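A structural walkthrough
Here are the chains, one letter per residue:
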Amino acid sequence: HAAEAQRTDLMTITRHVLNEQSRHPESRGDFTILLSHIVLGCKFVASAVNKAGLAKLIGLAGETNGEEQKKLDVLSNEVFVKALVSSGRTCVLVSEENEEAIFVDPALRGKYCVCFDPLDGSSNIDCGVSIGTIFGIYMIKDKDNVTLEDVLQPGTHMLAAGYCMYGSSCTLVLSTGNGVNGFTLDPSLGEFILTHPNIKIPKKGKIYSVNEGNARNWDGPTTKYVEKCKFPQDGSSPKSLRYIGSMVADVHRTLLYGGIFLYPADKKSPNGKLRVLYEVFPMSFLMEQAGGQAFTGKQRALELAPTKLHDRSPVFLGSYHDVEEIKALYASES
Ligand code: AHM
Ligand code: MG
């Protein structure tokens, strides 16, 4: 009966968010409208990613009338910026692709700030491996007097966060601060349908995920932790290593299967690689909402206070118990 209901009573992402909002009688549907514009961006990128390989093969890419085909990441950024601005619900945008914050024209301003990476995992674009979009959403106090300070808020102030993974299927994972839900794009309907309700990350995992090519530059606790994953001293089995090099794909697997994802600091990159506002914060928010943890090596990741738009931070996120172990190693170091 449940399966039959699923086929005929479709829980689209819009219906889901409207349901969630009905618990807030004061809400006027602004968030639902904002989200539907984000969803439009995700559908566009999903379709562009799917065509990208083929476009190359049949000569659609490259020179056309002397004008070079836009790179997928640049194109995706334009689509998201335009979709967010035209929603009429945003006042400031931060994109990985734009050096400066984008302040929306006063006539089109709404109360939300969106920080996003339109197409993350650039090294995987040209070989057809999973890539994704990441976003975090804040509310701005006074949309008519918005400044850069309003954008540099700690992650604990985030209202909602999510990512969309362009993989073997297109999956959008979202939290509005009340758990985590996953939606899969049904290409025949053009709708995201709830397929992963109330995602909870396993308390303990069997997988670690890190770029081990950087190992010679790691600090003591990271080195010790990864050594423990491979040569556990407590009689447990070693963990498996999985590393795609697309944060969205590596975090998605971590969320569903459990385990830990690490992008630590190293001697060459003392703040790691990943960006606070649109990579570390949204993923940390989702992890906590799913019952996991996110740690920087010094503190709870969401409590970071960024000072610049494109600040970076080391991050260790995943299953509660696994992050507890790395926290203990950092604590014993200091
Ligand atoms: P990008 O913004 O250039 O795509 O870099 C971000 C990506 C993340 O998706 C991924 O977790 C990380 O870079 C992988 O980095 P590395 O290649 O150093 O392992
Ligand atoms: Mg990125």
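Heads up: these notes are all about the structure in this document. Since we're looking at a predicted model, the values are computed, not measured.

Topic: the overall build of the protein
Secondary structure summary: the protein contains nine helices and 15 strands in total. By the compact-globule yardstick of 20 Å for 334 residues, the protein fits well, its C-alpha radius of gyration being 20 Å. In terms of principal-axis extent, the alpha carbons of the protein reach across some 60 × 50 × 50 Å. Scored against the burial criterion, the 334 residues of the protein give a buried share of 43%. Put simply, of all contacts in the protein between residues at least 6 apart along the chain, 64% involve residues at least 24 apart.

Details of the sheet that holds strand S8 (residues 170-175)
The strand order across the open sheet built from eight strands is S4-S3-S5-S6-S7-S8-S9-S10, with neighbouring strands paired in mixed fashion. Of all strands in the sheet, those bounded by a partner on one side alone are strand S4 (102-103) and strand S10 (191-196). In this sheet, strand S5 (residues 112-120) lies alongside strand S3 (residues 90-95) in parallel orientation, the contact comprising five bridges. Bridge pairing links Val-94 to Cys-115 in S5. Strands in contact with helix H4 (residues 72-86) are S3, S4 and S5; relative to S5, the strand with the most contacts, it is inclined by about 160°.

Some thoughts on the site of ligand 1
Around ligand 1 lies a shell formed by Asp-120, Gly-121, Ser-122, Ser-123, Asn-211, Gly-245, Ser-246, Met-247, Asp-250, Tyr-263 and Lys-273. Its residues assigned to classes, the shell around ligand 1 shows two nonpolar, six polar and three charged.

Here we look at the pairing of S10
Where strand S9 (residues 181-186) meets S10, five bridges bridge the pair, whose relative direction is antiparallel. Residue pairing across strands places Thr-184 opposite Ile-193, the latter belonging to S10. Once S9 ends, the chain turns through four residues before running back antiparallel as S10, passing Gly-190 with a positive phi of about 65°.

Quick word on helix H7 (residues 247-257)
Burial within H7 is extensive, with nine of its eleven residues counted as buried. Buried within H7 we find Met-247, Val-248, Ala-249, Asp-250, Val-251, His-252, Arg-253, Thr-254 and Leu-255. Looking at the residues trailing H7, positive phi occurs at Gly-258, about 85°.

As for the sheet that holds strand S11 (residues 207-209)
Read from one edge of the open sheet, five strands run S12-S11-S13-S15-S14, paired in mixed fashion. Single-partner strands in this sheet number two, and they are strand S12 (240-241) and strand S14 (293-295). In this sheet, strand S15 (residues 315-318) lies alongside strand S13 (residues 260-263) in antiparallel orientation, the contact comprising four bridges. Bridge pairing links Ile-260 to Gly-318 in S15. Its contacts with the sheet place helix H8 (residues 276-289) against S14 and S15, and it is angled at close to 145° to S14.

Let's talk about the nonpolar core
Ranked by internal contacts, the top residues of the largest apolar core, which has 87 residues, are Val-114, Met-283, Leu-286 and Leu-317. Apart from residues lying up to four places away in sequence, Leu-317 is in contact with Phe-261, Met-283, Ser-284, Met-287, Gly-292, Gln-293, Ala-294, Ala-301 and Val-323.

As for the pairing of S5
In terms of residue burial, S5 counts as a mostly covered element, since nine of its nine residues are buried. In terms of strand pairing, S5 meets strand S6 (residues 131-139) through seven bridges, oriented antiparallel. The partner of Tyr-112 across the bridge, within S6, is Met-139.

Focus on the environment of Gly-29
Tracing the sequence through the fold places Gly-29 in the loop between helix H2 (13-21) and helix H3 (30-57). For Gly-29 and Tyr-166, which are 137 residues apart along the polypeptide, the C-alpha to C-alpha distance reads 28 Å.

A word on the packing of helix H6 (residues 220-230) against helix H9 (residues 320-333)
Axis separation between H6 and H9 bottoms out at 9 Å; the angle between their running directions is 140°. The orientation of H6 with respect to H9, classified from their angle, is oblique. When you trace H6 past H9, the crossing you get is right-handed. Contact with H6, carried on its side by Gly-220, Pro-221, Lys-224 and Tyr-225, involves Glu-325, Ile-326, Leu-329, Tyr-330 and Glu-333 of H9 and no other residues of that element. Within the contact of H6 with H9, the residues separate by chemical class into five nonpolar, one polar and three charged.

Some details on the environment of Val-79
For Val-79, the location among the structural elements is in helix H4. Counting along the chain gives 37 residues from Val-79 to Cys-42, while the straight-line C-alpha distance between them is 9.2 Å. Other than its neighbours up to four places away in sequence, Val-79 contacts Gly-41, Phe-44 and Val-45.

Parameters and conventions
- Residues numbered from 1 in each chain as written.
- Chains lettered and ligands numbered in written order.
- Predicted model: local features only at pLDDT ≥ 70, side-chain atom pairs only at ≥ 80, totals over all residues.
- Helix = DSSP H or I, 4+ residues; strand = E, 2+ residues; numbered from the N terminus.
- Rg over C-alpha atoms; globule rule 2.2 N^0.38 Å.
- Buried ≥ 20, exposed ≤ 12 C-beta atoms within 10 Å, placed from the backbone.
- Contact = placed C-beta atoms within 7 Å.
- Pairing = 2+ DSSP bridges.
- Axes fitted to C-alpha atoms, helices over the stretch in contact; angles between N-to-C directions.
- Near = placed C-beta within 6 Å.
- Nonpolar A, V, L, I, M, F, W, Y, C, P; charged D, E, K, R; others polar.
- Core = buried A, V, L, I, M, F, W, Y, C linked by C-beta atoms within 7 Å.
- Parallel < 35°, antiparallel > 145°, perpendicular 65-115°, else oblique.
- Left-handed = near helix turned anticlockwise from the far one by under 90°.

Nothing here speaks to function; it is all geometry.
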